[in-house]
Amino acid sequence: MSQRVTIDPVTRIEGHLRIDLEVEGNKVKNAWSSGTMWRGIETILQGRDPREAWIFAQRICGVCTTVHAMASVRSVENALDLEVPMNAQYIRNIIVAAHCLHDHIVHFYHLSALDWVDVTSALKADPAAASKLAESLSPWKHNSTRDLAAVKEKLAGFVAGGQLGIFQNGYWGHPAMRLPPEVNLLAVSHYLQALEYQRKALQVVAILGSKTPNIQNLAVGGVANAINLDNPATLNMQKLYQVKELLDEVSAFVQQAYFPDVAAVGGLYAEWTKYGAGVTDYLSVPELPLDTKGTKFDMPGGTIIAGQTKPIGGFGDAYFRDGVTESSKYAYYADSGSPLHPWKGETKPHYTGDWKAETPAPDKYTWVKAPRFNGKPMQVGPLAQVMYALKAGDPLTTKYATAMLNTAGAVAKTKLTPAVLESTVGRIAARAIRAAVMSELAQKHWKLLVENIGKGDTTIFNDPMPKLAKGEYQGVGFHEAPRGTLSHWTVIKNGKLANYQAVVPSTWNAGPRAKDDKDLGPYEKSLVGNPIADPKKPLEALRTVHSFDPCLACAIHTVDGEGQEIARVKVL
Ligand code: NFE
Ligand code: MG
């Protein structure tokens, strides 16, 4: 007999996500992913000046504001065939890298680690043994017996006072929790330090972007960071060195704390390499452009479909441009009868009622559309990007993936190959691999910027106006965001936006069925086959869902143009 499990809302994510499971014999047999919150931006952009779209677009999400700003300016630049000066590319790239490091650190420690780490078990740890273990894994400077004893004492204080605070309401003591107390203590200690290092990463974004969230320094055609090394009001030597120092500190945390923690936790949960692969067709796009046109990049991207790789070239690449559609068959939008290309995309809400618990799935069950690439559901995110980069022979990705698999394999006492990355725990490892790669590239792009300024180049902007003022254009801007491939699609007529569509990483991954009831989206498919020890505490399902780092504000980003309420959604 099967049993229905509804998780609503899923917490430790951004936005409102509901997961419905059909569980039989302690295993997930079928799954549905629903975005239950209605909001957004696409519709209000119509009729606006394309040069200001990025300012609105970055309000799509409170977590990844910068990424929508980047994709938006790139889409208009692509439409106008506008080049971007090298200083602007490097400044944007440093922001992209720093924001990504913040995001990946927060995802591991604050949003997903507590599915694997039992905080209360850390109270039983021996700080000296924990310190010895940590020193065998990494040279990180804050792993001394004294450091770890202090964390244990702090935690004991929380527990004694009955105030677990941020650690309240975990599935502590759940039978699926397997880590020894010493590893739990180490992870809790780094959880607290990670709060500090994610902030340092965002400081870089704020210095270059004037503030964060919602940076202010972009422009269609470049950036607004005037460069004069001796002027206190502009980007100068002092600010550049402040950025470098912060990047160095964050990189050390990523390489010496985050990366080995993921290897250790992953190795101790090696049985989770069997679960959660789901959709194994992958999509990623290249990132960190190295020229003014966006034809060469530091991070490769492309598709892997049925094991075959195909690269995605530069901005405007035809293979990417022609492959993307979105279906509204199972989503709360009017369905045109067939999936639509984003330049022809429609956002017409058609709410057909909430899904009552314990009833069969309704025809429409989510506010998230279902993107497809050449008709196929695709998994996006760090796993997709790392799998592609490995197949493409990218040296930095190969270096860190090898280190991850060797360290986790030594902990698990088994040999691990890249195939194990295609799993719930592998998705978390892939994000740590990508973070380590990004930490090196952040430092590289800082150096490239300083060298370019050193050559006497202070150009930051190419004016879009000469072309923009009249004519019709279509553009696509892509960006490999922390959660995966993001694309913004613009149609411009006589200087105004005639259509604007955003196809977002969490839309790819959290999206519903498209063609039929067998055509599951990536979250849905990855849940099928997961063990569920206790249907009342579906910790295992949360492990898999959290491994994608859901962001539902990004996935659903549409609002009625008049700002009227279209439907009231009750979130339980
Ligand atoms: Ni709102 Fe986002 C990212 C975008 S969605 S966090 O990364 O784009 O997945
Ligand atoms: Mg959209």
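- In the nomenclature of an unreviewed UniProt entry, the chain corresponds to Hydrogenase 2 large subunit from the organism Anaeromyxobacter diazotrophicus.
- According to UniProt, the comment filed for the chain under the heading Subunit (unreviewed entry) is "Heterodimer of a large and a small subunit."
- Under the UniProt heading Sequence similarities (unreviewed entry), the note attached to the chain is "Belongs to the [NiFe]/[NiFeSe] hydrogenase large subunit family."

## Remarks on the UniProt feature "binding site: Fe cation" (unreviewed entry) in the chain
Inference 1: The UniProt record annotates "binding site: Fe cation" (unreviewed entry) at Cys64 and Cys554. For this annotated set, covering 491 residues, all C-alpha atoms fall within 8.1 Å of each other, a compact arrangement in space.
Inference 2: Tracing the backbone through its elements, the reader meets Cys64 in the loop between α2 (53-57) and α3 (65-80).
Inference 3: Looking at the element boundaries, Cys554 is found in helix α17 (residues 552-555).
Inference 4: Assessed through its relative accessible area of 3%, Cys554 is described here as buried.
Inference 5: Leaving out residues up to four positions away in the same chain, Cys554 has contacts with Ile60, Cys61, Cys64, His68, Val504 and Thr507.

## Details of the sheet that holds strand β13 (residues 472-481)
Inference 1: With antiparallel pairing, the three strands of this open sheet are ordered in space as β13-β14-β15. If you trace the sheet from one side to the other, it starts and ends with β13 and β15 (496-503), each paired once. Ignoring strand direction, the axes of neighbouring strands in this sheet form an average angle of 15°.

## Details of the site of ligand 1
Inference 1: Contacts to ligand 1 come from 13 residues, most closely from Cys61, Cys64, Ser506, Cys551 and Cys554.
Inference 2: Contact distances for ligand 1 include 3.4 Å between an oxygen atom and a side-chain N or O atom of His68.
Inference 3: The backbone of Pro482 places a nitrogen or oxygen atom 3.5 Å from an oxygen atom of ligand 1.
Inference 4: Listed by contribution, the elements that provide at least two residues to the shell around ligand 1 are α3 and α14 (505-510).
Inference 5: Within the shell around ligand 1, the residues separate by chemical class into 10 nonpolar, two polar and one charged.

Parameters and conventions
- Residues numbered from 1 in each chain as written.
- Chains lettered and ligands numbered in written order.
- Predicted model: local features only at pLDDT ≥ 70, side-chain atom pairs only at ≥ 80, totals over all residues.
- Heavy atoms only, no water.
- UniProt positions renumbered as here; feature names shortened; annotations may be inferred.
- Helix = DSSP H or I, 4+ residues; strand = E, 2+ residues; numbered from the N terminus.
- Buried < 20%, exposed > 50% of the residue type's maximum accessible area, 1.4 Å probe, protein only.
- Contact = heavy atoms within 4.5 Å.
- Pairing = 2+ DSSP bridges.
- Axes fitted to C-alpha atoms, helices over the stretch in contact; angles between N-to-C directions.
- Near = heavy atom within 4 Å.
- Polar contact = N/O pair within 3.5 Å; in protein donor to acceptor, adjacent residues only side chain to side chain.
- Nonpolar A, V, L, I, M, F, W, Y, C, P; charged D, E, K, R; others polar.

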